[in-house]
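# Remarks on the overall topology
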Amino acid sequence: MAMHSNWNPWHGCIKCSEGCQNCYVYYLDQMRGKKGSDVYKTKTGFKYPLSKDRKGNYKIQSGEMISVCMTSDFFLVEADEWREEAWDIMRQRSDVIFLLLTKRIDRVRDCLPDDWGDGWENVFLNVTCENQSRAEERIPILLELPFRHKGLHCAPLLGPISISKYLDSGQIEQVACGGENYGGSRPCDYDWVKNLREECVSRNITFCFMETGTIFIKDGERYRIKSKQQQNQQALKSGMTYKGKEMHFNLVDGSGNSIPKENLYVPHYREKCDECSFRILCNGCFECGAC
């Protein structure tokens, strides 16, 4: 995904489950001579969704989807003192979709703002379930929470997972999965991916196979795929990604008025985007030059 689609109001995290063992944030911070467990509020990035261009227009357009805290966890205890200000930014940008991904689903209810009600239309809550035990622990809590949009993130996928009984609730709108990268990567088996996909397809729920991970097992053969680009391309070539029922976010402007569809951001893509497994989840290309 393009960096334009990420908002990190704070950085750093505390490991809390099996999926955290080889955390990419820790790995990348270590390469920079830092500690991934150091949690701090970002100085220049905290109010990013409110930033404007020289003409006074928001840089993030109405209708865009922004991934929040991709280098932390939005519901981290260490971030409690900053969260209300972050909620306020999301409240101000009711025209932008904010995707929250958490392993700390048990803390969510106590961290919601006073005016939450039955949920904000512009917030999409995803919970991580890297194996069956975490799925059984976290998904039931997700289903009880007052959110209008919910999804699952099975990454790093560490074992076979069945989520059929949770998908039958009709609340889960999207499922993403992928293997593990960087030091100590644990294997991801293609059969696990196929089983998850089958459960989603049978219910017309969008499924995205994001990447194979470094160690990928297919038909009993073990493959080592070092390049993230190759992991991404192999995931796409597998044909596992499936576009299910369209998600609809009824976004409103600052006055509470519904925004006409023709006034919402429409993602555009380059030819190279056709080779990316993240496309189905992506905010589109912003000509940043990273490719």
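Residues numbered from 1 in each chain as written. Predicted model: local features only at pLDDT ≥ 70, side-chain atom pairs only at ≥ 80, totals over all residues. Heavy atoms only, no water.

### Describing the sheet that holds strand β9 (residues 188-189)
If you trace the three strands from one edge of the open sheet to the other, you get β9-β11-β12, paired in mixed fashion. Either end of the sheet is taken by a strand with one partner, and the two such strands are β9 and β12 (221-224). (Pairing = 2+ DSSP bridges. Helix = DSSP H or I, 4+ residues; strand = E, 2+ residues; numbered from the N terminus.)

### A short note on helix α3 (residues 132-144)
One full turn of an α-helix is made of 3.6 residues, so residues set three or four places apart face in the same direction. Its 13 residues place the ends of α3 19 Å apart at the C-alpha level, agreeing with the 18 Å of an ideal helix rising 1.5 Å per residue. The sharpest bend along α3 comes to roughly 25°, located at R138, with the proline P140 sitting one to four residues further on. Residues of α3 that are buried make contact with β6 (123-128), β7 (149-154), α4 (164-167) and β8 (172-177). (Expected span 1.5 Å × (residues − 1). Bend = angle between axes of the 7 residues up to and from the residue. Contact = heavy atoms within 4.5 Å.)

### A closer look at the side chain of S72
When you line up the elements, S72 lands in the loop between β4 (65-68) and α2 (80-92). Assessed through its relative accessible area of 14%, S72 is described here as buried. Of note is the side chain of S72, whose polar atom sits 2.7 Å from the backbone oxygen of G12. Contacts of S72, omitting those with residues within four sequence positions, involve W10, H11, G12 and C13. (Buried < 20%, exposed > 50% of the residue type's maximum accessible area, 1.4 Å probe, protein only. Polar contact = N/O pair within 3.5 Å; in protein donor to acceptor, adjacent residues only side chain to side chain.)

### Observations concerning the sheet that holds β8
Strand order across the open sheet formed by seven strands is β1-β4-β5-β6-β7-β8-β10, with parallel pairing between neighbours. Edge positions in the sheet fall to β1 (6-7) and β10 (206-209), since each has one partner strand and no second. Relative to strand β5 (residues 97-102), β4 runs parallel, the two being bridged by four bridges. Across the sheet, residue S67 finds its bridge partner in β5, namely L99.

### Quick look at the nonpolar core
Core analysis: the biggest nonpolar cluster contains 61 residues, and F74, W87, V175 and F207 have the highest contact counts within it. Residues within four places of W87 in sequence aside, it is in contact with F74, F75, L100, C111, L112, P113, W116, W120 and V123. Counting eight residues, the second-largest nonpolar core is a separate cluster that includes I97, L101, F124 and I259. (Core = buried A, V, L, I, M, F, W, Y, C linked by side-chain atoms within 4.5 Å.)

### Regarding the pairing of β5
With six of six residues buried, β5 is to be regarded as a mostly interior element. Here β5 shows a buried face lined by I97, L99 and L101 and a second buried face lined by F98, L100 and T102. With α2 bridging β4 and the parallel β5, this β-α-β connection has right-handed handedness. Bridge count for β5 against β6 is five bridges, and the pairing is parallel. Across the sheet, the residue bridging to F98 is V123, located in β6. (Right-handed = clockwise from strand over helix to strand, strands pointing away.)

### Things to note about the packing of aromatic side chains
Here the structure, examined in full by the defined rule, presents 15 aromatic pairs. Measuring from centroid to centroid gives 4.6 Å for Y27 and Y182, while their planes differ by 25°, and the two rings are stacked. With Y27 in helix α1 (residues 24-31) and Y182 in the loop between β8 and β9, this pair connects stretches of sequence that are 155 residues apart. For Y27, a relative accessible area of 32% gives the class partly exposed. Y182 gets classed as partly exposed once you look at its relative accessible area, which sits at 27%. What links up through ring pairs into an aromatic cluster is the set W10, F46, F74, F75, W82, W87, W116, W120 and F147. Cation over ring: R279 sits above Y269, and NZ or CZ is 3.9 Å from the ring centre. (Phe/Tyr/Trp six-rings, centres within 6.5 Å; stacked < 30°, edge-to-face > 60°. Lys NZ or Arg CZ within 6 Å of the ring centre and 35° of its normal.)

### A look at the side chain of E64
Within the element layout of this structure, E64 appears in the loop between β3 (40-41) and β4. Although E64 lies buried, it forms no salt bridge, and the closest oppositely charged side chain, R93, sits 7.1 Å away as judged by the N-O distance. A polar contact is formed between the side chain of E64 and the backbone nitrogen of Q61, at a distance of 2.8 Å. (Lys, Arg positive; Asp, Glu negative; His and termini not counted. Salt bridge = Lys/Arg side-chain N within 4 Å of Asp/Glu carboxyl O.)

### Considering helix α5 (residues 190-201)
Between its first and last C-alpha atoms α5 spans 16 Å; for twelve residues at 1.5 Å apiece the expected length is 16 Å, and the two agree. All of the buried residues in α5 are Y190, W192, V193, L196, E199 and C200. Packing partners of the buried residues in α5 comprise β7, α4, β8, β9, β10 and β11 (215-218). Among the residues of α5, the N-terminal cap falls to D189, whose side-chain oxygen and the backbone nitrogen of D191 are separated by 2.8 Å.

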